[in-house]
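In case you want the letters, here they are:
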Amino acid sequence: MSAEDRLQELGLTLPEVPSPVATYVSFKRVGDIVYLSGQGPKRADGTYPTGKVGTDVTIEEAYGHARQTGLGLLAAMKKAAGSLDKVEVVKLLGMVNGAPDFADQPKVINGCSDLFVAVLGENGRHARSAVGMGSLPNNMTVEIEAIVRVLP
Amino acid sequence: MSAEDRLQELGLTLPEVPSPVATYVSFKRVGDIVYLSGQGPKRADGTYPTGKVGTDVTIEEAYGHARQTGLGLLAAMKKAAGSLDKVEVVKLLGMVNGAPDFADQPKVINGCSDLFVAVLGENGRHARSAVGMGSLPNNMTVEIEAIVRVLP
Amino acid sequence: MSAEDRLQELGLTLPEVPSPVATYVSFKRVGDIVYLSGQGPKRADGTYPTGKVGTDVTIEEAYGHARQTGLGLLAAMKKAAGSLDKVEVVKLLGMVNGAPDFADQPKVINGCSDLFVAVLGENGRHARSAVGMGSLPNNMTVEIEAIVRVLP
């Protein structure tokens, strides 16, 4: 089953890849490696869920935000590789806007990791760190950056 | 126009690349990829601007600190690649020492991104994340690490 | 002297490489580059030292935690490369669970950097950033991720 079929089966639609808003770009390819800029859980209306995970936002809510972020990353991966079936996820840096004593960053970032494996199968499995930031742009709850390989 | 000409036109001078002060190095090259150690906005006298962006330090001030940090990274890139005209910036991790509710990390890190494009042209355009840290070495305001490619 | 001999001389034993507990893996290899997932200072009993460095935990204690984390990373490197003598450390991201005004992240992460050079010699020398996080998984004191090269 293709990655696009799995997306459809999961009832998911990829968002638009955000246009570069400054002197940086959504992704940069070097050989078969693509570096994806950090993304957050952008809603269809362009806003983001905000607040500190652990106080303002629950782990379950933030898991959903990480999953939403993953959809945006999949969209960028597809644009970079031409097809999701040619994408292998290599590495994630999963960043959670947590309260100072928040300790469940991995449970949050699983929202993205689980999505990648659901859509890409074994090619979605990756190395990662899931950590807590002091603050994030727009006060959003989650930001994730990724490194992927384009398969031949 | 060469990158060195652009630097001169901008009235900028590259600082010295800091010597390794411990068991790590300023940059490490693997094939045509160079990983640059994180740097901060070091002043000529060796000190750093300090404080939390959003409370102690304004966005405009921190933009200048990110630009200053970019100069140090350009110096390391030049040393690694031999010439700035052989450097393509691939990826930045822009880290801001922000107050817990600081939400404008991208506006700060633009100071570095804008400098790279001003000096390197299209080769300066990169993928990036711009995020908020809990704290930074020396209590400095900004730290940025970079991955670059050495052009043939 | 081989890396294994140096480990023995230092009286160190590598821990088990943790099994993937979710949809991610301990390391991912792409060509001769290996991306290692972030690890913390896991004790033999599976627990972690916790707290904020600078208030709950001293620099000296946290240096030891970074060293302990380095042992876990060496174990993963060995598994990825077959032998520690085929490992060259390229880049570390050293993340310290510091108090908001903590400013000595490099002194903490030296615990890992020093270990890599003690065990791997010149191949242990790397680019790095040593920074302060807002929070970390399990409220642990330190987390470090690494990129290494497998030598031919």
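Notes on the structure follow. (Residues numbered from 1 in each chain as written. Chains lettered and ligands numbered in written order. Predicted model: local features only at pLDDT ≥ 70, side-chain atom pairs only at ≥ 80, totals over all residues.)

So, about the overall build of chain A. Each helix and strand in chain A was counted, giving three helices and five strands. The helix and strand sequence of chain A, counted from the amino end, reads α-β-β-α-β-α-β-β. Expected size for 152 residues packed as a compact globule is a radius of gyration near 15 Å; at 15 Å, chain A falls within 12% of this value. The principal-axis extents of the C-alpha atoms in chain A amount to approximately 45 × 35 × 30 Å. Classification of the 152 residues of chain A by burial places 55% in the buried group. At a minimum sequence separation of 6, the contacts of chain A that also span at least 24 residues come to 81%. (Helix = DSSP H or I, 4+ residues; strand = E, 2+ residues; numbered from the N terminus. Rg over C-alpha atoms; globule rule 2.2 N^0.38 Å. Buried ≥ 20, exposed ≤ 12 C-beta atoms within 10 Å, placed from the backbone. Contact = placed C-beta atoms within 7 Å.)

Let us now look at the interface of chain B and chain A. Every contact between the two is made by 26 residues of chain B and, on the other side, 21 residues of chain A. At the level of elements, β3 (87-96), α3 (105-120) and β4 (127-132) of chain B are the ones that each hand at least two residues to the side of chain B that touches chain A. Considering only residue class, the side of chain B that touches chain A consists of 12 nonpolar, eight polar and six charged. (Nonpolar A, V, L, I, M, F, W, Y, C, P; charged D, E, K, R; others polar.)

All names here are of chain B. If you walk across this open sheet you meet the five strands as β1-β2-β5-β3-β4, and the pairing is mixed. A single partner strand is all that each edge strand has here, and the edge strands are β1 (27-30) and β4. Strand after strand, the sheet turns through a mean of 15° between neighbouring axes, direction not considered. As judged from the five bridges shared by strand β2 (residues 33-39) and strand β5 (residues 142-150), these two strands associate in the antiparallel manner. Its bridge partner lying in β5, valine 34 is registered against valine 148. (Pairing = 2+ DSSP bridges. Axes fitted to C-alpha atoms, helices over the stretch in contact; angles between N-to-C directions.)

Bringing the nonpolar core into the picture now. Ranked by size, the top nonpolar core spans 137 residues in total, and within it Leu36 and Val96 of chain A, Leu36, Met77 and Val96 of chain B together with Leu36 and Val96 of chain C carry the most contacts. A total of nine residues in this core trace back to one element, the largest contributor, which is helix α2 (residues 59-81) of chain B. Setting aside anything within four residues of it in sequence, one finds methionine 77 of chain B in contact with Leu36, Leu84, Val87 and Val148 of chain B. (Core = buried A, V, L, I, M, F, W, Y, C linked by C-beta atoms within 7 Å.)

Take the relation of the copies chain B and chain A next. For the pair chain B and chain A, the relating rotation is 120°, the translation along its axis is 0.0 Å, and the fit reaches an RMSD of 0.0 Å. Such a combination of turn and shift is consistent with a three-fold rotation axis. Of every C-alpha in chain B, the one belonging to glycine 134 of chain B sits nearest the axis of rotation, 2.4 Å from it. Residue by residue, only 8% of the interface of chain B is reproduced at the interface of chain A, so the copies engage with different surfaces. (Least-squares fit on C-alpha atoms with pLDDT ≥ 70 in both.)

Now for the interface of chain C and chain B. In this complex, chain C contributes 26 residues to the contact, which on the side of chain B involves 21 residues. Mapped onto the side of chain C that touches chain B, the elements with two or more residues apiece are β3 (87-96), α3 (105-120) and β4 (127-132) of chain C. Here the residues of the side of chain C that touches chain B sort into 12 nonpolar, eight polar and six charged.

With that out of the way, let us pick up the sheet that holds β4 of chain C. Residue and element names in this part refer to chain C. One open sheet accounts for five strands, arranged β1-β2-β5-β3-β4; its pairing is mixed. Sheet topology places β1 (27-30) and β4 at the edges, where each strand pairs with a single neighbour. The mean inter-strand angle of the sheet, taken between neighbouring strand axes irrespective of direction, is 15°.

Residues and elements named next belong to chain B. At a minimum axis distance of 7 Å, the contact between α2 and α3 shows a crossing angle of 40°. Taken together, the axes of α2 and α3 are oblique relative to one another. Judged by the twist between their axes, the crossing of α2 over α3 is right-handed. Seen from α2, the contacting residues are Ile59, Ala62, Tyr63, Gly64, His65, Ala66, Arg67, Thr69, Gly70 and Leu74; seen from α3, they are Lys107, Val108, Ile109, Asn110, Gly111, Cys112, Leu115, Phe116 and Val119. Within the contact of α2 with α3, the residues separate by chemical class into 11 nonpolar, six polar and two charged. (Parallel < 35°, antiparallel > 145°, perpendicular 65-115°, else oblique. Left-handed = near helix turned anticlockwise from the far one by under 90°.)

Attention shifts here to the relation of the copies chain C and chain B. Once chain C is rotated about the relating axis by 120° and shifted along it by 0.0 Å, it coincides with chain B to within an RMSD of 0.0 Å. Interface overlap between copies is the fraction of interface residues in one copy that are interface residues in the other; for chain C against chain B it is only 8%, indicating separate surfaces.

With 23 residues, helix α2 (residues 59-81) of chain A should cover 33 Å at 1.5 Å per step; its first-to-last C-alpha distance of 32 Å lies within 8% of that length. Two residues or fewer after α2 of chain A comes glycine 82 of chain A, characterised by a positive phi angle close to 90°. (Expected span 1.5 Å × (residues − 1).)

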